[in-house]
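Per-entry structural report
Each chain, letter by letter, is given below.
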Amino acid sequence: MRYNRTMTSLPFHEPRLEDAAPLRRITASCGARGSDLAWANVYLLRAKYNTRIAIDEGFLYRRYDGRTRLQGYTFPLSLEPSPDEGALRLALARVEQDAEDNGRELSFCLLTAEQKELLDAMMPGRFLYSWKESDCDYLYRRSDLAELPGTAYHAKRNHISRFLREHAEISFEELRDDNREDFAEPAHAWLATGQQTAGQPAEGLLHEQRAIACALEGYRELGLRGVLLRVDGRPAAMALAGFISPTVADIHYEKCHPDYRGAYALINREMARRLPEAELINREEDLGEPGLRQAKQSYHPCERLVKWSAYPASGAGSASPSNGASPDLGEEDASASGGDTTDA
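The rules behind each value
- Residues numbered from 1 in each chain as written.
- Predicted model: local features only at pLDDT ≥ 70, side-chain atom pairs only at ≥ 80, totals over all residues.
- Heavy atoms only, no water.
- pLDDT = per-residue confidence, 0-100.
- Contact = heavy atoms within 4.5 Å.
- Pairing = 2+ DSSP bridges.
- Helix = DSSP H or I, 4+ residues; strand = E, 2+ residues; numbered from the N terminus.
- Axes fitted to C-alpha atoms, helices over the stretch in contact; angles between N-to-C directions.
- Parallel < 35°, antiparallel > 145°, perpendicular 65-115°, else oblique.
- Nonpolar A, V, L, I, M, F, W, Y, C, P; charged D, E, K, R; others polar.
- Buried < 20%, exposed > 50% of the residue type's maximum accessible area, 1.4 Å probe, protein only.

Section: the confidence of the model for the protein
- Here the protein averages 88 in pLDDT, and 87% of its residues register 70 or above.
- When the criterion is pLDDT under 50, residues 316-344 qualifies, and its contacts beyond four places in sequence or with other chains add up to 103 contacts.

Structure representation (structure tokens):
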């Protein structure tokens, strides 16, 4: 792609709280559904993935440099719902120039299927493409999670009924300034248990612990909502959610105290009921963890959101191009993420 070498450099910087409003305007305009575009994820995971963003001339640019996951640029997102081809080409040219000016490989991550097609059309033959089952987001109809209707959710309803019979004194609270420490209690207990198992590296758990603490501290600025479940007055489970775009919510964290593992189905349903504006709920990716895979599949997602990566066609030997098939919702090896472990 040809570009003007005198064009202005992209003003990449670490995400700041003042970036929230312009980012949300862009994600609302484009109808974003991916968990990577939830403002809380952009902000809370900035250190983990060495995230840099630029919002310039009506476009959102992102660059990731995670050590194990998320490396490369994302496709530029426009404030205009349907930007013209010339504006998109210029935006991609600015990304290409940034890569050249900084000695970076021009690669992309977190591409939607539509963005992959646009990139291939505008830079034909320059990339190999791949996707991983473990990186696909799980999308659900909010009404399904809130009401658990029909025979498909019969086991979930029974699970909740059994928990309610076993625990007579149950109450719910929304997140407030005066109960943030109570929200943290189930998360701390879950993380402490996780550190004693081989299910997740200690470094990942520490990242998550810091992110949850930051989320609770700044929940207002991050636009988060929370639900706390108390059993006999004791904090037993919590969930934190935010919005990706006006009708798509994201479940960022869902934790149960190990003494109340049966509470996952209940806190899941209650959080969905407290997001009435949402049509869809994104429960994020599975990261290849079998327990999450089984749990997320058991809630019957309506869609799996594939995230494509693009590597230079020259020297992309490590990339494994996909056959382009969409993930199957029945027998696949996949589940949802966000660090939660939901009861199957």
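This is not the end of the story, as more comes after the structure.
Some points on the sheet that holds strand S8 (residues 170-174)
- The seven strands are arranged S8-S9-S10-S11-S12-S7-S13 in an open sheet whose pairing can be described as mixed. What marks the edges here is a single partner per strand, and that holds for S8 and strand S13 (303-305). Pairs of neighbouring strands in the sheet enclose a mean axial angle of 30 degrees, with direction left out of account.
- Across three bridges, the pairing between strand S7 (residues 137-141) and S13 is antiparallel. Within S13, the position partnered with Leu 139 by the bridge is Glu 303.
- Packed onto the sheet, helix H10 (residues 264-273) meets S8, strand S9 (225-231), strand S10 (234-245), strand S11 (248-256) and strand S12 (280-282) and runs at close to 140 degrees relative to S9.

So, the packing of helix H6 (residues 154-166) against H10
- Viewed as axis vectors pointing N to C, H6 and H10 meet at an angle of 110 degrees, and their least axial separation amounts to 8 Å. Classified by the angle between their axes, H6 and H10 sit roughly perpendicular to one another. Residues His 159, Ile 160, Phe 163 and Leu 164 of H6 form the contact with H10, whose participating residues are Ala 265, Leu 266 and Arg 269.
- Considered class by class, the residues forming the contact of H6 with H10 number five nonpolar, one polar and one charged.

Here we look at the pairing of S11
- The buried fraction of S11 amounts to nine of the nine residues, a majority that puts the element mostly inside the structure.
- In this structure, S10 lies alongside S11, joined through eight bridges in antiparallel fashion. Paired with Leu 240 across the two strands is Tyr 253, which belongs to S11.
- Linkage of S10 to S11, two consecutive antiparallel strands, is achieved through a turn of two residues.

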